[in-house]
Amino acid sequence: AIETVRAILTHPLLDDPNIDAASRRLKDHALQDTNNLWEARMRTRDLMRIMNCVQCNKCRFHGKISTLGLSTALQLTLGNQGTGCDVAKIKRVELAALVTTMGKFASGIELCYEMQTL
């Protein structure tokens with residue numbers, strides 16, 4: 001397990017300047033006092049742009065679907081004014097991404113529970 005973590009942490013993709021820039025922007029945004037929804041949308045676009053750097057089409061696809069799913073969850077929770085969004089306004093693709101992302105999180109949580117029992 002330690003070797004796997006080392007392999008992930010030493011991967012050359014982590015040294016990509018686009019990822020460093022997006023990471024800095026996300027961190028700076030999180031530290032701001034104002035809670036601007038427009039800025040959150042721009043950060044989501046930054047994440048989608050980072051996904052374009054991924055060479056593997058399958059990984060890029062799954063990353064974009066996960067980002068869109070998280071974005072949809074935030075959109076439903078916050079909406080345009082911070083009070084939530086009408087579920088009927090969610091597009092079919094966004095709903096599919098949300099369900100897929102929820103499935104991935106559920107599988108990850110299930111795996112964590114299994115690892116705890118070992």
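Calculation criteria
- Residues numbered from 1 in each chain as written.
- Predicted model: local features only at pLDDT ≥ 70, side-chain atom pairs only at ≥ 80, totals over all residues.
- Heavy atoms only, no water.
- Helix = DSSP H or I, 4+ residues; strand = E, 2+ residues; numbered from the N terminus.
- Buried < 20%, exposed > 50% of the residue type's maximum accessible area, 1.4 Å probe, protein only.
- Areas by Shrake-Rupley, 256 points an atom, 1.4 Å probe, with all protein chains shown as cover.
- Axes fitted to C-alpha atoms, helices over the stretch in contact; angles between N-to-C directions.
- Parallel < 35°, antiparallel > 145°, perpendicular 65-115°, else oblique.
- Contact = heavy atoms within 4.5 Å.
- Nonpolar A, V, L, I, M, F, W, Y, C, P; charged D, E, K, R; others polar.
- Expected span 1.5 Å × (residues − 1).
- Salt bridge = Lys/Arg side-chain N within 4 Å of Asp/Glu carboxyl O.

**Q** What's the story with the overall build of the protein in this structure? I'm lost.
**A** When its secondary structure is counted, the protein shows 5 helices and 0 strands. Walking the protein from its N terminus toward its C terminus, one meets helices and strands in the order α-α-α-α-α. In the protein, which comprises 118 residues, the proportion classed as buried is 19%. Accessible area of the protein: about 9,300 Å², with a carbon and sulfur share of 61%.

**Q** When you look at the packing of helix H4 (residues 57-78) against helix H5 (residues 92-117) in this model, what are you seeing that I'm missing?
**A** When two helices pack together, their arrangement is given by the angle between the helix axes and the distance between those axes. As a packed pair, H4 and H5 sit with axes 7 Å apart at the nearest point and diverge in direction by 105 degrees. With respect to each other, H4 and H5 are oriented roughly perpendicular. Residues His62, Ile65, Ser66, Leu68, Gly69, Leu70, Thr72, Ala73, Gln75 and Leu76 of H4 form the contact with H5, whose participating residues are Val93, Glu94, Ala97, Leu98, Thr100, Thr101, Lys104 and Phe105. Of the residues in the contact of H4 with H5, the class split is 9 nonpolar, 7 polar and 2 charged.

**Q** Before we go on, may I ask you to explain the environment of Ala22 in this structure?
**A** Assignment of secondary structure puts Ala22 in helix H2 (residues 17-31). Separated by 22 residues in the primary sequence, Ala22 and Thr44 have C-alpha atoms spaced 9.8 Å apart. If sequence neighbours within four positions are ignored, Ala22 has contacts with Asp46 and Ile50.

**Q** Could you clarify how one ought to interpret H4 in this entry?
**A** Because each turn of an α-helix spans 3.6 residues, side chains separated by three or four positions end up pointing in the same direction. When the terminal C-alpha atoms of H4 are compared, their 31 Å separation across 22 residues agrees well with the 32 Å that a helix rising 1.5 Å per residue should span. Within the span of H4, buried status applies to Gly63, Ile65, Thr67, Gly69 and Thr72.

**Q** Just checking my understanding: could you explain the pattern of salt bridges for this structure?
**A** Proximity of charged atoms lets side chains of opposite charge pair with each other. Here the structure, examined in full by the defined rule, presents 1 salt bridge. Here Arg49 makes a salt bridge to Asp46, at a shortest N to O gap of 3.1 Å. Here Asp46 and Arg49 lie together in helix H3 (residues 37-51), a separation of 3 residues that amounts to about one turn.

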